[in-house]
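# Breakdown of the fold
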Amino acid sequence: MKKGTKVSVLDDIISGTITAISGDDITIVTDDGFEMQFHKNELVVEKSAFAARELIPDNISGIISEKETKKRKNAPRVKPKERSAPPMVVDLHIHQLVKSQKGLSNYDMLTIQTDTAKRQLDFAISKRIQRIVFIHGVGDGVLRAELEYLFKRYENIEFYDADYQKFGRGATEVYIFQNKTF
């Protein structure tokens, strides 16, 4: 922008000609004859008033590098023999998780078990382990219900009863979809 350039105000229907430039402040005389002062960011040069070379900014390479998207790293390829790898097994029986059950209420035990399940599930997702078996036991089904509630909060997993011959009725297997896009 320089003296004599025809400009318009961005957020108003005011246009005029630049009469003075003082740092970032620009004084214009409007088409109606009024003298007004604006910050340079509030003004736009009108199309007919500038040459094409004025459109190209000085730091074009910097702008182009900002616009380019960063290429995503490709996920490591899972080899066929790794797909049939045995599942990670997590035993959620309370005596497996704490040294002593003394002083723990049912709520405390359930909280420890669900926190352990969530931590192990997050670990498996981060390490790209596809299958996990959570052994929760038969009991009254409270822990199983809590686990199902936890698993439903994840979009990239599927859960079902684990192999009956190997784990019995008290286990749930979780399958983690590794390449699911959202």
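Residues numbered from 1 in each chain as written. Predicted model: local features only at pLDDT ≥ 70, side-chain atom pairs only at ≥ 80, totals over all residues. Heavy atoms only, no water.

Moving on to helix α5 (residues 142-152). For α5, the set of buried residues is Leu143, Leu147, Leu150 and Phe151. The buried residues of α5 occupy an angular sector of 95° when the element is viewed end-on, so they sit on one face. In α5, those exposed residues whose orientation departs by more than 90 degrees from the buried face are Tyr149 and Lys152. Where α5 is buried, its residues touch α4 (106-126), β7 (131-135), β8 (157-161) and β9 (171-176). (Buried < 20%, exposed > 50% of the residue type's maximum accessible area, 1.4 Å probe, protein only. Helix = DSSP H or I, 4+ residues; strand = E, 2+ residues; numbered from the N terminus. Arc of directions from axis to C-beta. Contact = heavy atoms within 4.5 Å.)

Moving on, we come to unusual backbone geometry. Despite not being glycine, Arg128 shows a phi value in the positive range, around 60°. With respect to the helices, strands and loops of the structure, Arg128 is situated in the loop between α4 and β7. Classification of Arg128 as partly exposed rests on a relative accessible area of 29%.

Right, let's talk about the nonpolar core for a bit. Counting residues in each nonpolar core, the largest one holds 17 residues, and the members touching the most others are Leu121, Ile132, Phe134 and Phe151. Put simply, the parts of the chain that give this core at least two residues each are β6 (88-91), α4, β7, α5 and β9. Not counting residues up to four positions away in its chain, the partners in contact with Phe134 are Val90, Leu92, Ala117, Gln120, Leu121, Leu147, Phe151, Gly170, Ala171, Thr172 and Val174. (Core = buried A, V, L, I, M, F, W, Y, C linked by side-chain atoms within 4.5 Å.)

For the rest of this paragraph, the subject is the sheet that holds strand β2 (residues 15-22). Taken in spatial order, the five strands of this open sheet run β4-β3-β2-β1-β5, and their pairing is antiparallel. Sheet topology places β4 (35-39) and β5 (43-45) at the edges, where each strand pairs with a single neighbour. Ignoring strand direction, the axes of neighbouring strands in this sheet form an average angle of 45°. Relative to β4, strand β3 (residues 25-30) is paired through five bridges, and the arrangement is antiparallel. (Pairing = 2+ DSSP bridges. Axes fitted to C-alpha atoms, helices over the stretch in contact; angles between N-to-C directions.)

Let's shift gears to a negative patch on the surface. The grouping of Asp11, Asp12, Asp25 and Glu42 at the surface amounts to a negative patch. By the element assignment, Asp11 lies in the loop between β1 (6-9) and β2. You can call Asp11 exposed: its relative accessible area is 80%. (Patch = residues over 30% accessible without salt bridge, like charges linked within 9 Å, V, L, I, M, F, W, Y side chains within 5 Å. Areas by Shrake-Rupley, 256 points an atom, 1.4 Å probe, with all protein chains shown as cover. Salt bridge = Lys/Arg side-chain N within 4 Å of Asp/Glu carboxyl O. Lys, Arg positive; Asp, Glu negative; His and termini not counted. Charge placed at Lys NZ, Arg CZ, Asp CG, Glu CD.)

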